[in-house]
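Structural overview for review
Each chain, letter by letter, is given below.
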Amino acid sequence: MAARSSAPVIGALCSTSDPKAEKAKPSEDDSPISARHWAISTGYRHQHSFRHFVGTTEQTQRAAQHTQVVNYINLFDVSLTYKINPRWSLTASLPIMNGTRTYDHQLFDVFLHIPNAPDQVSHANGIGDLAVSAQFWLHRPPVENGHNIAFSFGAVMPTGSSDVRDTVETVNGPQRVYVDQSIQLGAGGWGISLGTQAYQRLRKAVLYASGTYLLTPQEQNGTPNASLAGVKFPPNPLTARMSIPDQYLAYPVPKIRGMAAKFGLRYEGLKVRDFIGGSLGFRRPGYSLSVEPGMQYERGKNTWSVNIPVAVQRNRKRSVPDLMQGKAGDAAFADYLLLVGYARSF
C-alpha cells in the first residue's frame, strides 16, 4: 500500500534560481533555466513494510504471533527532461523495481491451520510503467518576486508487467503463483497524470510544495488475486481480479540552497474510489502520513538528495468490496522510507 514514487530532487529541475545571480551570468544559454537544455535525474526508494493496520489501528498481535506479511521494495526511477523554453519542459520517466514478499510459516499455522508449511517468498523484478508528461510555469523564469507555480499533465503507459508469477515453496512442493498486487511491476492499465509544484523564496530559504495524482479510468487488469499457493479460499467475485487504483502524493518541504537541511510532510496512498471509472476488484486503499527530514547538496549542475520519511499515521481504509460486504481488510506499512536522488543538467 504505497504510491509508486522515488526521491524528488527539489530545485534541480525547477526554477528556484535567484534572479540576481542569473543577471551576473554571461548569457542566458549558460543558465540551467534557459531553453534547449537537458537534465537527467535518478531516484531510489527503499521500504520495509511489516506493521499491519486495519484503519488506523495497528494489529500488534501479528508481530507477537510472527504472522505478519513482510514486503521489501527497492524502486529505482530514471527521468530525462528536455526544457523547450524557460516555461515549458517535457519529461519521460521509467521505474525499475525489485520487490520481495514473505508469508511467514506461522501465518499458515495460526490463521489457516496448515502445520509444517514453509515460508512462502515471492519476487518481482523488472521495469514499471513509463510516464511521459509536459510541465509549464505560470511566470517566465527567473521571476523577480521570488515565487512561481507550475502545472503538469501527461500519460502513464502500461509497460510494466501486471501479471508477474513466481515459484514458491508449499507443503505440496514448489508451485507457481501470481505475486501479490503490492509487488506487481505495473498497474495493467493506462493512466492520466496531473501534477503541480510551487515555491516561495524567503531570503536564504525556499518554501516548496508539490503534488501528483494518477487517474486510472480502467477498473481491473484481469490478473487473478491469488498470491498464496496451496490455500483454497472461497471464490469472491468482488475481489477475484486485481483493481487498478488511483494514486496520489503530496510533498511540501522548505529548502535552503547549497548544503540544505530539509524538513517537511509526505502524504501518499491509494484511493478507495477512483475519480474516473469503477473501483471494484482487489485493492488495499489507504494512506501514510510521514514527517520527512532530509539533506540536499547542490554544486554546479549537480544536485544530491537524501530524505528519510518517518510514518506518524497509517490508515488502511476499507475498499469498495469491503464496504459492500461489511468487512475491513488490513495492509502492511513501513516505519520509514529511504529516498535517495541525484539530478544533473547538461
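Calculation criteria
Residues numbered from 1 in each chain as written. Predicted model: local features only at pLDDT ≥ 70, side-chain atom pairs only at ≥ 80, totals over all residues. Heavy atoms only, no water. Phe/Tyr/Trp six-rings, centres within 6.5 Å; stacked < 30°, edge-to-face > 60°. Helix = DSSP H or I, 4+ residues; strand = E, 2+ residues; numbered from the N terminus. Buried < 20%, exposed > 50% of the residue type's maximum accessible area, 1.4 Å probe, protein only. Lys NZ or Arg CZ within 6 Å of the ring centre and 35° of its normal. Salt bridge = Lys/Arg side-chain N within 4 Å of Asp/Glu carboxyl O.

**Things to note about the packing of aromatic side chains**
Going through the model one piece at a time under the given rule, you end up with 10 aromatic pairs. Measuring from ring centre to ring centre gives 4.7 Å for W38 and Y82, while their planes differ by 45°; the resulting arrangement is tilted. Placement of W38 in strand 1 (residues 37–54) and of Y82 in strand 3 (residues 69–83) is noted, with a sequence separation of 44 residues between them. Residue classification places Y82 among the partly exposed residues on the basis of a relative accessible area of 27%. Seen from their ring centres, W304 and Y342 are 5.5 Å apart, and the 45° between their planes marks the pair as tilted. Placement of the pair is W304 in strand 17 (residues 302–307) and Y342 in strand 19 (residues 331–345), with a sequence separation of 38 residues. Ring-pair connections join several aromatic residues into one group, and the members of that group are W88, F136 and F151. The lysine or arginine in question, R165, covers the ring of Y178, its NZ or CZ lying 4.9 Å from the ring centre.

**Comments concerning the pattern of salt bridges**
Enumeration according to the criterion identifies 11 salt bridges in this entry. Notably, a salt bridge pairs E268 with R45, separated by 2.8 Å at the nearest N-O pair. Taken together, the residues span a long stretch of sequence, with E268 in strand 15 (residues 259–270) and R45 in strand 1 at a distance of 223 residues. The salt bridge partner of R266 is E268, with a shortest N-O separation of 3.8 Å. With respect to class, R266 is no different from E268; both count as buried. Through salt bridges with shared partners, one network takes in R45, R266, E268 and E292.

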